[in-house]
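A look at the structure
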Amino acid sequence: MTEPAFTPRVFSGIQPSGGLTLGNYLGALKRFVTMQDEGSHETVYCMVDLHAITVWQDPETLRRNTRELCAGFIASGVDPEKSILFNQSAVPEHAQLAWIFNCVARMGWMGRMTQWKDKAGKNAENASLGLFGYPALMAADILVYHATHVPVGEDQKQHLELTRDIAAKFNHDYKVDFFPITEPVIEGAATRVMSLRDGSKKMSKSDPSDASRINMTDDADAIARKIRKAKTDPEPLPDSAEGLADRPEARNLVNIYASLSEKTVDQVMAEVAGQQFGLFKPMLADLAVEKLAPISTEMARLMEDQAEIDKILARGAERAREITAPILAKAYEIVGMVGAEG
């Protein structure tokens, strides 16, 4: 059988749960812009507000966070004319396809998801059904666009593997080659940015210490101060990446520098080998301010005109539905829904 030809298309999304960090920028937004500007794929980027409500959200806060996230996308370089940019709940085909995938996916598959185990913990009986079914909605997010590639961090790789399993099972069960087997895109020196206070933990907006992260709304002074105070060790920087293996804080700062400067870790090591952190941290602080402060300034400007943000999101949703509506209609037809044939 001839393999079906799918339009090269990238899909990815971020939850509007508040507080974009440097980790979101280096691990996601910066890569989104690169893939957009390469022009080899259509790029579809989403504020996944349906995923956000798998845990309770204050409605007004969710609305603000969604708009702020949209501002963060645009300020980081995502162009709403080049990419499709929208919020998930404005495109109902996401939820509609997710129901079909709820009926394709198996309970055992969902129960093995490490994020479910981590987030539900010992309180699984009180966790929402939405949290348990989150990966099926994520699969629908991707496959309702027939997305061929998804940039993901290591922590989402298992969910993308499940997306591939769901696509393969749907195709097998209905004897079609309808959904692509989506490829993960995992690359870059700082795809997983760690806490500035503990190099063994991921940088997180939920960390009680604001000093543990750089927020994308931080001004230049805050960015520089947090980097100067970041935890390090007393040893000088080594001359190769291998020398960072057992030094998590040092490795994290070098990775951040490499990603912001568009260099490999080995290139950075060649430049700074033998330096103490007293010299390296000011270099990193200057670079971070140069790259990040303009983004925080532009985010603040965009948030002053929320009506314009809403207009951008509405237009993005219209463009998204031009793709999703026929794909969902065909999926309904394949499954056997009456009225879907025409």
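**Some words on the overall build of the chain**
In terms of helices and strands, the chain carries 13 helices and five strands. The C-alpha atoms of the chain give 21 Å as radius of gyration, which agrees with the globular expectation for 342 residues (20 Å, within 12%). Projected onto its principal axes, the C-alpha positions of the chain cover 70 × 45 × 45 Å. The burial tally for the chain puts 51% of its 342 residues in the buried class. Approximately 16,100 Å² of the chain is accessible, and the part contributed by carbon and sulfur atoms is 51%. For the chain, the distance from the average site of its 38 positive side-chain charges to the average site of its 48 negative ones is 4 Å.

**Remarks on the packing of aromatic side chains**
Applying the stated criterion across every chain yields a total of 11 aromatic pairs. Between Phe32 and Tyr45, the aromatic rings sit 4.5 Å apart at their centres with planes inclined by 10°, giving stacked as the arrangement. On the criterion of sequence distance, the pair formed by Phe32 in helix 1 (residues 22-38) and Tyr45 in strand 2 (residues 42-47) is long-range, its members being 13 residues apart. Side by side, Phe32 and Tyr45 carry an identical accessibility label, which is buried. With 6.2 Å between their ring centres and 80° between their planes, Phe277 and Phe280 make a pair best called edge-to-face. One end of the pair is Phe277 and the other is Phe280, both in helix 12 (residues 277-303) and three residues apart, which spans about a single turn. According to the relative accessible area criterion, Phe280 is buried, its value standing at 0%. Ring pairing ties together the aromatic residues Phe101, Phe170, Tyr174, Phe178 and Phe179, which thus form one cluster.

**Concerning helix 3 (residues 59-76)**
In this model, helix 3 (18 residues) spans 26 Å end to end at C-alpha, consistent with the 26 Å of a helix rising 1.5 Å per residue. Burial of helix 3 is extensive: 13 of the 18 residues sit out of reach of the surface. Immediately beyond the C-terminal end of helix 3, within one or two residues, lies Gly77, with a positive phi of roughly 120°.

**Looking at a positive patch on the surface**
A contiguous patch of positive charge on the surface is contributed by Arg197, Arg225, Arg228, Lys229 and Lys231. Considering the arrangement of structural elements, one finds Lys231 in the loop between helix 9 (220-228) and helix 10 (248-261). Under the relative-accessibility criterion, Lys231 is labelled partly exposed at 40%.

**Here's the deal with the nonpolar core**
Leu22, Tyr25, Phe73, Leu260, Phe280 and Leu292 are the most contacted members of the largest nonpolar core, which has 58 residues in total. Broken down by element, the residue count for this core peaks at 11 residues, all from helix 12. Those residues in contact with Phe73 that sit more than four places away from it in its chain are Ile14, Leu29, Phe32, Tyr45, Cys46, Met47, Val78 and Leu85. Among the nonpolar cores identified, the runner-up in size contains 46 residues, and Val48, Met110, Ala140 and Leu162 belong to it.

**Examining the confidence of the model for the chain**
Of the residues in the chain, 96% have a pLDDT of 70 or more, and the chain-wide mean is 91. Of all the helices and strands in the chain, helix 6 (residues 114-120) carries the lowest mean pLDDT, 71, while strand 3 (residues 84-87) carries the highest, 98.

**So, the side chain of Gln275**
Inspection of the secondary structure puts Gln275 in the loop between helix 11 (265-272) and helix 12. Judged by relative accessible area, which is 19%, Gln275 ranks as buried.

**Remarks on helix 10**
For an α-helix the count is 3.6 residues per turn, leaving residues at separations of three or four pointing the same way. Compared with an ideal rise of 1.5 Å per residue, which puts 14 residues at 20 Å, helix 10 spans 20 Å between its outermost C-alpha atoms and is within 8% of the ideal. The buried fraction of helix 10 amounts to 12 of the 14 residues, a majority that puts the element mostly inside the structure. Residues Glu249, Ala250, Asn252, Leu253, Val254, Asn255, Ile256, Tyr257, Ala258, Ser259, Leu260 and Ser261 constitute the buried set of helix 10. Where helix 10 ends, the next residue or the one after it, Glu262, has phi of about 60°, a positive value.

**Quick notes on the packing of helix 10 against helix 11**
The description of two packed helices rests on the angle between their axes and on the distance between the axes. Interaxial distance between helix 10 and helix 11 falls to 9 Å at its minimum, and their mutual angle equals 110°. What the angle tells us is that helix 10 and helix 11 run roughly perpendicular. Of helix 11, the residues touching helix 10 (which contributes Val254, Asn255, Tyr257, Ala258 and Ser261) are Val265, Val268, Met269 and Glu271. Taken together, the residues of the contact of helix 10 with helix 11 break down into six nonpolar, two polar and one charged.

**Remarks on the pairing of strand 2**
The buried count for strand 2 comes to five of six residues, which makes it a mostly enclosed element. In the sheet, strand 1 (residues 9-14) pairs with strand 2 via six bridges, with the strands oriented parallel. Note on strand 2: the bridge partner recorded for Ile14 is Met47. As judged from the four bridges shared by strand 2 and strand 3, these two strands associate in the parallel manner. Considered in strand 3, the bridge of Tyr45 is made with Leu85.

Parameters and conventions
- Residues numbered from 1 in each chain as written.
- Predicted model: local features only at pLDDT ≥ 70, side-chain atom pairs only at ≥ 80, totals over all residues.
- Heavy atoms only, no water.
- Helix = DSSP H or I, 4+ residues; strand = E, 2+ residues; numbered from the N terminus.
- Rg over C-alpha atoms; globule rule 2.2 N^0.38 Å.
- Buried < 20%, exposed > 50% of the residue type's maximum accessible area, 1.4 Å probe, protein only.
- Areas by Shrake-Rupley, 256 points an atom, 1.4 Å probe, with all protein chains shown as cover.
- Lys, Arg positive; Asp, Glu negative; His and termini not counted.
- Charge placed at Lys NZ, Arg CZ, Asp CG, Glu CD.
- Phe/Tyr/Trp six-rings, centres within 6.5 Å; stacked < 30°, edge-to-face > 60°.
- Expected span 1.5 Å × (residues − 1).
- Patch = residues over 30% accessible without salt bridge, like charges linked within 9 Å, V, L, I, M, F, W, Y side chains within 5 Å.
- Salt bridge = Lys/Arg side-chain N within 4 Å of Asp/Glu carboxyl O.
- Core = buried A, V, L, I, M, F, W, Y, C linked by side-chain atoms within 4.5 Å.
- Contact = heavy atoms within 4.5 Å.
- pLDDT = per-residue confidence, 0-100.
- Axes fitted to C-alpha atoms, helices over the stretch in contact; angles between N-to-C directions.
- Parallel < 35°, antiparallel > 145°, perpendicular 65-115°, else oblique.
- Nonpolar A, V, L, I, M, F, W, Y, C, P; charged D, E, K, R; others polar.
- Pairing = 2+ DSSP bridges.

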